[in-house]
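Structure assessment
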Amino acid sequence: MKRIIHSGTIVNEGRAYKGSVLLVDDHIDQIIEGPAPRGDYDDEVDATGCFVLPGVIDEHVHFRDPGLTRKADIESESRAAAWGGVTSFLDMPNTIPQTTTIEAWEAKRQIGAAKSHVNYGFFFGATNDNAPLFKDLDRHHVPGIKLFMGASTGNMLVDKRASLEAVFSEAARLNYIVMTHCEDTAMINANMKAAKAKWGDDPDIIHHAEIRSAEACYASSHLAVQLAEAAHARLHIAHLSTARELALLDATKGVTGEACMAHLLFTDDDYARLGARIKCNPSVKSAADRDALRRAVADGTIYTVATDHAPHEWKDKQGGCVHAASGMPMLQFSLISMLQLADELGIPYTKVVELMCHHPAELFDIQGRGFLRPGYKADITIVRPCKDGWVLTKDDIQSKCGWSPLEGHRFTWQVVQTWCNGHCIFDHGIFDEQSKGQELVFDS
């Protein structure tokens, strides 16, 4: 099958130019700059007025499958991914059962093969005593080791110093990257105790950033860097939320950082308007922190942008700092949110593609994806700017939970088509329910 996507603006590898992408079966055959070549094609896509990007790789999602499928599952959330131009995802291990044994990880791979509409990979979760299992994993199908250095949904906290050292040491020996959730649980517990004494058993959500504080994030991230340096391990700090943590990053030393959409879009002033809709761990913090993260995205200090997509049923989001669940669905609208933010901040679209496509592929050594290159899998997203914009309503939401903190927001970009492995799985609001993704392969 020979197809061509022509007359669009290709955004890829630091450049934006008019051209065409020629597909043969599930691979990219040629990238052609300038006018579209004549030829006999099975399908032609006119991308005039649109931007043609590599498919987004979201390195940080919680699809809740298995065990929490009332909130979300791999079918529903991979459908939301396709609607949002996301062609690959890396799923986190805090499910039921937790993905902390070889058997649980293998079972999750089977679920992915059966249910995912887009490409998939699954992190292996660290515990206080499972580092010896790392050597038994299939290195080519595990993106890395997820380490919770702060308690969050699923309570996979690893807090013993010897266990932390073992995780980093064994990961380094096997060349696995360690991706950390960094919050100091002891500090958070002390803050919560003080907050309850002052404001009652379920403090109002406006106090969430005081309880899960900037100090707690920095203390844990600083410890993670120390442990990584001592073990000569690669470290990727997930969902950075404070200005101070940015100074810890140094890609030349194997310490990189991720920003998530919640911390780039919202501030603690938004709790009064949006309440627990934007409750997540680590917390959304001050405008100064958000602005520092935005600058770090623009100047390259931040290496990747993801979502920490974490759906909950609406009933679970009721209450304050104790009772409301932490996490929000962001996957379907991450790319268009980032493009809109790029317009507002003057960030080039090439930088957006770096952060959401190229760098995740490079960081996790993903074979044949994340770039528009001959021989690579044909994972492609076509987007267009919308002059008058469009307003997100509940009916647009594909995630099983059925809500979004962005409801009512006017977007100025729209996903037109999503191609996964050479197949158009989303086309102007029409989704291929039969589409199946492929398991990602990671170079060692």
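Here we summarise the structure given alongside this text. (Residues numbered from 1 in each chain as written. Predicted model: local features only at pLDDT ≥ 70, side-chain atom pairs only at ≥ 80, totals over all residues. Heavy atoms only, no water.)

Across the sheet, which stays open at both edges, the 3 strands sit in the order β6-β7-β8 with parallel pairing between neighbours. With partners counted over all chains shown, the strands left at the sheet margins are β6 (56-61) and β8 (119-122), one partner each. Strand-to-strand twist of the sheet, defined as the mean angle between neighbouring strand axes without regard to direction, takes the value 20°. One ladder, built from 4 bridges, connects β6 with strand β7 (residues 86-91); its direction is parallel. Within β7, the residue paired with Asp58 across the bridge is Phe89. (Pairing = 2+ DSSP bridges. Helix = DSSP H or I, 4+ residues; strand = E, 2+ residues; numbered from the N terminus. Axes fitted to C-alpha atoms, helices over the stretch in contact; angles between N-to-C directions.)

Bringing the packing of helix α10 (residues 334-345) against helix α11 (residues 349-363) into the picture now. Contact pair α10 / α11: the axes reach a minimum separation of 9 Å and the direction vectors enclose 145°. Considering how the two elements wind past one another, α10 and α11 form a crossing that is right-handed. Across from Ser334, Leu335, Met338, Leu339, Ala342 and Asp343 in α10, the residues of α11 making contact are Tyr349, Val352, Leu355 and Met356. Here the residues of the contact of α10 with α11 sort into 8 nonpolar, 1 polar and 1 charged. (Left-handed = near helix turned anticlockwise from the far one by under 90°. Contact = heavy atoms within 4.5 Å. Nonpolar A, V, L, I, M, F, W, Y, C, P; charged D, E, K, R; others polar.)

Glancing now at the nonpolar core. Judged by nonpolar contacts, the single largest core of 100 residues is most densely connected at Phe266, Ile302 and Met338. Those residues in contact with Phe266 that sit more than four places away from it in its chain are Leu274, Ile278, Val284, Arg290, Met328, Met330, Pro405 and Leu406. (Core = buried A, V, L, I, M, F, W, Y, C linked by side-chain atoms within 4.5 Å. Buried < 20%, exposed > 50% of the residue type's maximum accessible area, 1.4 Å probe, protein only.)

On to the packing of helix α1 (residues 74-83) against helix α2 (residues 102-115), then. In contact at an axis separation of 9 Å, α1 and α2 are set at 55° when each is read in the N-to-C sense. Considering the angle they form, α1 stands oblique to α2. Between α1 and α2 lies a crossing whose hand is right-handed. Across from Ile74, Glu75 and Ser78 in α1, the residues of α2 making contact are Ile111, Gly112 and Lys115. (Parallel < 35°, antiparallel > 145°, perpendicular 65-115°, else oblique.)

Burial along β8 is two-sided: the residues Asn119 and Gly121 and Tyr120 and Phe122 are all buried. Here β7 runs beside β8; their pairing, made up of 4 bridges, is parallel. Within the sheet, the bridge partner assigned to Ser88 lies in β8 and is Asn119. After leaving β7, the chain enters α2 and then returns to the sheet as β8, a path that is right-handed. (Right-handed = clockwise from strand over helix to strand, strands pointing away.)

Bringing the side chain of Arg139 into the picture now. By the secondary structure assignment, Arg139 is in the loop between β9 (124-125) and β10 (145-148). Here Arg139 occupies a buried position and makes no salt bridge, while the nearest side chain of opposite charge, Asp365, is found at 4.6 Å. Side-chain polar atoms of Arg139 contact the backbone oxygen of Val142, separated by 3.4 Å. At 2.8 Å, the side chain of Arg139 and the backbone oxygen of Asn175 are in polar contact. (Lys, Arg positive; Asp, Glu negative; His and termini not counted. Salt bridge = Lys/Arg side-chain N within 4 Å of Asp/Glu carboxyl O. Polar contact = N/O pair within 3.5 Å; in protein donor to acceptor, adjacent residues only side chain to side chain.)

Sheet architecture is open: 6 strands sit in the order β9-β10-β11-β12-β13-β14, paired in parallel fashion. Looking along the sheet, the strands with just one partner apiece sit at the ends: β9 and β14 (304-306). Bridge count for strand β11 (residues 178-181) against strand β12 (residues 235-237) is 3 bridges, and the pairing is parallel. Note on β12: the bridge partner recorded for Thr180 is Ile237. Docked against the sheet, α11 engages β12, β13 (255-260) and β14, running at close to 110° with respect to β14.

Another aspect to go through is the side chain of Gln332. Looking at where Gln332 falls in the secondary structure, it is placed in the loop between β14 and α10. For Gln332, the side chain forms a polar contact with the main-chain nitrogen of Gln398, separated by 2.9 Å. With sequence-adjacent residues up to four places away left out, Gln332 is seen in contact with Ala80, Trp83, Gly84, Asp396, Ile397, Gln398 and Ser399.

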